[in-house]
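Examining the three-dimensional arrangement
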Amino acid sequence: MDLRKYVDKIKPAFEEGGKFAALHSTFDAFETFLYVPNTRTSKGSHVRDCNDLKRVMIIMVLALMPALIFGMFNVGYQRIDGPEYTILQNFWYGFLKVLPIIIVSYVVGLSIEFASSQIRKEEVNEGFLVTGMLIPMIVPVGTPLWMVALATAFSVVVCKEVFGGTGMNIFNPALVARAFIFFSYTASISGENVWFADNVDGHSGATALSQWADTGATQYSVCDALIGTIPGCIGETSTIAILLGALLLVATGVASWRIMLSVFAGGLAMGLVFNAIGANAYMQVPAWQHLIYGGFAFGAVFMATDPVTAAQTNTGKWIYGFMIGVLAVLIRLVNPGYPEGMMMAILFMNGIAPLIDHYVVDANIRRRNKRVKLAK
Amino acid sequence: MSKNIEEKEPLFSAKNMASLTNPFNKNNPVLVQILGICSALAVTVQLKPAVVMALSVTVVTAFSNLIMSLMRNSIPARIRIIVQLVVIATLVILVDQFLKAFVYDVSVQLSVYVGLIITNCIIMGRVEAFALANKPWPSLLDGIGNGLGYGMILVIIGFVRELFGSGCLWGYKVIPEWCYEHGYVNNGLMLFPPMALILVGFIIWIQRSRNKDLQEK
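Computed from a prediction, not measured in an experiment: that's the story for all the values here.

Here the focus is the overall build of chain A. What chain A contains, in helices and strands, is 14 helices and zero strands. Along chain A, helices and strands appear, N-terminal first, in the series α-α-α-α-α-α-α-α-α-α-α-α-α-α. Here the C-alpha radius of gyration of chain A, 23 Å, is about what a compact globule of 376 residues would show, namely 21 Å. A principal-axis box enclosing the C-alpha atoms of chain A has dimensions of 70 × 70 × 35 Å. Considering chain A as a whole, with its 376 residues, one finds that 50% of them fall into the buried category.

The following block contains the structure:
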């Protein structure tokens, strides 16, 4: 049977007054998923770009793929006897461990999105496609599924829908989900046991950052951190895989290279300041190593660049990114409670971003006013 | 005689009852007037201190309203604030001493927040907005209503925070051990004040979606 005809046939049931009117948004989402919508702008003039939200989101998801696939392999590799298996066996093991987290995150998040857009009588947005993929990548593989579900629900409702849905949120929803788990169930997201999928007694190990915080040295080499064969959250370990994603994002113009560059610059600058102080062994860790260990690179490439929560002006982007880098390294080195500072730094700067934009725009207006006065 | 009849109003007239019950619904001091948020965040980690705090504030609002209403015609308007402060401070000290004498452990838990009842905006707000312009009986009802309306929110938040934050209610374990054995973990975020603020937000959300006339355009 012709699919188009079938969709047209069942369409009236989902319109106002139809049998399934309560599922209108869901129907609409799947129809536009199957076919390009032929609705035209009914009033006023619009400038449309073929690079719509759907395409932007898909490119984001594609950019996440290298880090995700490597993360799955790494989950297998971090088993107690992981190195004895082949790459494919390790990947398959990790795939089976990570897939449930991805499914839970998508099912919970999308059902809330669908329900709330139905209540608001809006179309379902594609915003959660990326968030739903980011959440599994920034939690440890040992996180219980119900915590992922609860955190996803919390972040979609409190951080996103309350503010008006996709594009209206102040804070990055994926990071809010992580922050929820971090503050609610601290023991499930930090420590020595959560980074491994196999619950073998005696198989534990701290992340590089915890080791740094304890002794100022880590057993994992720079090469390991670049490739990513170290314990950590699922998607964050491999700097090379993350940079592959970054290349795609910058080449397609989906994410701002200014933010990425300035986050790294900020982290490096703050690291150098602490190198100069050098009060303890941790502060003497070479500044550039901060950029490749932990979640720094992942945050810089995929989280800080979120176009909704980042600063919008170009000057603002430089300031915003630089401050994220500065704060992330500051929290790592100075606050003993949080081995990883990237989450806090990005969330904090998410809140400040509108203020930065305000002053950048303000300064621009003043500069132009001055020029007008000079011309007179 | 005729004067008496003129002023006669039944003790529980509709108007008087409204000043008692409105704070529970459309004029809740926490949800609608957004007063008393600070202590709603500070003392609601557990149910018991929340209930004690609710009762203490109710006693203070009720009697400060009553006393100020009795004195309303004899206080010069220019010094009324200082008189209010004296009355409220006296009542707060009485409540504080009472708690120290009879429920010492809760008093220790509440620490400075008993003394800080004096800064709770609800009390002075009600005295200024209601007691100074109304007779003693309605003022007393208004004080009780607002105190309990505030207390209601405290108890709801305290209930949720203690249940999910530490698995207890009134200090007794209510979440059974087998839940923990099957992987349930207490929610640490509930123990932080920000979560109380988010809960207040949720309650405001529910209340506004039920009362259409509270929704701002």
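We are not done yet, so read on.
Across the boundary between the two partners, chain A contributes ten residues, which contact twelve residues of chain B. Counting the surface lost from both chain A and chain B, the interface buries some 810 Å², and carbon and sulfur atoms represent 75% of this. A per-residue breakdown of the area chain A buries against chain B is headed by Trp146, Phe183 and Ser184 of chain A, which together make up 43% of the total. Applying the counting criterion to the chain A and chain B interface returns zero salt bridges. For the interface between chain A and chain B, the tally reads five residue pairs in polar contact (both at pLDDT 80 or more). Among the residues making up the side of chain A that touches chain B, the classes are represented as nine nonpolar, one polar and no charged.

Moving on: the side chain of Thr61 of chain B. All names here are of chain B. Positionally, Thr61 belongs in helix 4 (residues 47–71). A polar atom in the side chain of Thr61 sits 3.0 Å from the backbone oxygen of Gly143. Setting aside residues up to four positions removed in sequence, Thr61 forms contacts with Ile122, Ile123, Gly143 and Gly147.

Bringing helix 8 (residues 208–215) of chain A into the picture now. Among all positions in helix 8 of chain A, only Ala208, Leu209, Ser210, Gln211 and Trp212 of chain A are buried. Backbone geometry just after helix 8 of chain A places Gly216 of chain A at a positive phi near 85 degrees.

Residue and element names in this part refer to chain B. With phi around 40 degrees, Ser111 is a residue other than glycine that occupies positive phi space. Assessed through its relative accessible area of 42%, Ser111 is described here as partly exposed. Its identity as a non-glycine residue notwithstanding, Trp170 has a phi of 55 degrees, on the positive side. Within the secondary structure layout, Trp170 lies in the loop between strand 1 (168–169) and strand 2 (172–173).

Residue and element names in this part refer to chain A. The contact between helix 10 (residues 239–252) and helix 12 (residues 296–303) brings their axes to 10 Å, and the two run at 15 degrees. Taken as axis vectors, helix 10 and helix 12 run roughly parallel relative to one another. The handedness of the crossing between helix 10 and helix 12 comes out as left-handed. Along the contact surface, helix 10 presents Thr239, Ile242, Gly245, Ala246 and Leu249, while helix 12 presents Ala297, Phe298, Val301 and Phe302. Taken together, the residues of the contact of helix 10 with helix 12 sort by class into seven nonpolar, two polar and no charged.

A few words on the nonpolar core. All names here are of chain A. Leu249, Phe298, Phe302, Tyr320 and Ile324 are the most contacted members of the largest nonpolar core, which has 140 residues in total. Counting residues per element, this core draws most heavily on helix 3 (residues 53–77), at twelve residues. Three or more residues apiece are contributed to this core by two domains, here domain 1 (14–36 + 53–199) and domain 2 (236–376). Not counting residues up to four positions away in its chain, the partners in contact with Ile324 are Val263, Ala304, Met342, Ala345, Ile346 and Met349.

Residues and elements named next belong to chain B. For chain B, the average pLDDT comes to 87, and 96% of its residues sit at 70 or higher. Considering only residues more than four positions removed or in separate chains, one finds that residues 1–5, a stretch of pLDDT under 50, has zero contacts. Listed scores for the predicted complex are pTM 0.87 and ipTM 0.84.

As a further point, take the packing of aromatic side chains. In the structure shown here, the tally under the stated rule is 20 aromatic pairs over all chains. Both rings, one in Trp212 of chain A and one in Tyr282 of chain A, keep their centres 5.8 Å apart while their planes meet at 45 degrees; by these two values the pair is tilted. In this pair, Trp212 of chain A is assigned in helix 8 and Tyr282 of chain A in the loop between helix 11 (257–277) and helix 12, connecting sequence segments 70 residues apart. Both residues of the pair, Trp212 of chain A and Tyr282 of chain A, belong to the buried class. Relative to Tyr184 of chain B, the ring of Tyr180 of chain B has its centre 5.7 Å away and its plane inclined at 65 degrees; by these criteria the two rings are edge-to-face. Cation over ring: Arg79 of chain A sits above Tyr85 of chain A, and NZ or CZ is 4.1 Å from the ring centre. For Arg79 of chain A, the ring lying beneath its charged end belongs to Tyr93 of chain A, and the centroid distance is 3.9 Å.

Attention now goes to the environment of Gly115 of chain B. Residue and element names in this part refer to chain B. One can find Gly115 in helix 7 (residues 112–115). On the basis of relative accessible area, Gly115 is assigned to the partly exposed category, the value being 37%. C-alpha of Gly115 to C-alpha of Ala89: the two residues are 26 residues apart in sequence and 8.5 Å apart in space.

Another point: a nonpolar patch on the surface. All names here are of chain A. A grouping of Val250, Trp257, Leu261, Trp318, Ile319, Phe322 and Met323 is seen on the molecular surface, where their side chains present a nonpolar patch of about 610 Å² in accessible area. Contributions of two or more residues to the nonpolar patch are made by helix 11 and helix 13 (314–334). It is helix 13 that contributes the most residues to the nonpolar patch, four residues altogether. Its place among the elements puts Val250 in helix 10. Accessibility expressed as a relative area gives 35% for Val250, which makes it partly exposed.

All names here are of chain A. Taken as a whole, chain A is organised into domain 1 (14–36 + 53–199) and domain 2 (236–376). Taking only C-alpha atoms into account, the centre of domain 1 sits 24 Å from that of domain 2. The interface of domain 1 with domain 2 comprises 27 residues on the first partner and 24 residues on the second. Taking both sides of the interface into account, the surface hidden between domain 1 and domain 2 amounts to around 2,200 Å²; carbon and sulfur atoms contribute 80%. In this structure, the connection of domain 1 to domain 2 is made through zero salt bridges. Put simply, domain 1 and domain 2 have two residue pairs in polar contact (both at pLDDT 80 or more) between them.

Quick notes on the rules
- Residues numbered from 1 in each chain as written.
- Chains lettered and ligands numbered in written order.
- Predicted model: local features only at pLDDT ≥ 70, side-chain atom pairs only at ≥ 80, totals over all residues.
- Heavy atoms only, no water.
- Helix = DSSP H or I, 4+ residues; strand = E, 2+ residues; numbered from the N terminus.
- Rg over C-alpha atoms; globule rule 2.2 N^0.38 Å.
- Buried < 20%, exposed > 50% of the residue type's maximum accessible area, 1.4 Å probe, protein only.
- Contact = heavy atoms within 4.5 Å.
- Buried area = accessible area lost by both parts, 1.4 Å probe.
- Salt bridge = Lys/Arg side-chain N within 4 Å of Asp/Glu carboxyl O.
- Polar contact = N/O pair within 3.5 Å; in protein donor to acceptor, adjacent residues only side chain to side chain.
- Nonpolar A, V, L, I, M, F, W, Y, C, P; charged D, E, K, R; others polar.
- Axes fitted to C-alpha atoms, helices over the stretch in contact; angles between N-to-C directions.
- Parallel < 35°, antiparallel > 145°, perpendicular 65-115°, else oblique.
- Left-handed = near helix turned anticlockwise from the far one by under 90°.
- Core = buried A, V, L, I, M, F, W, Y, C linked by side-chain atoms within 4.5 Å.
- Domains from an automatic or database assignment.
- pLDDT = per-residue confidence, 0-100.
- Phe/Tyr/Trp six-rings, centres within 6.5 Å; stacked < 30°, edge-to-face > 60°.
- Lys NZ or Arg CZ within 6 Å of the ring centre and 35° of its normal.
- Patch = residues over 30% accessible without salt bridge, like charges linked within 9 Å, V, L, I, M, F, W, Y side chains within 5 Å.
- Areas by Shrake-Rupley, 256 points an atom, 1.4 Å probe, with all protein chains shown as cover.

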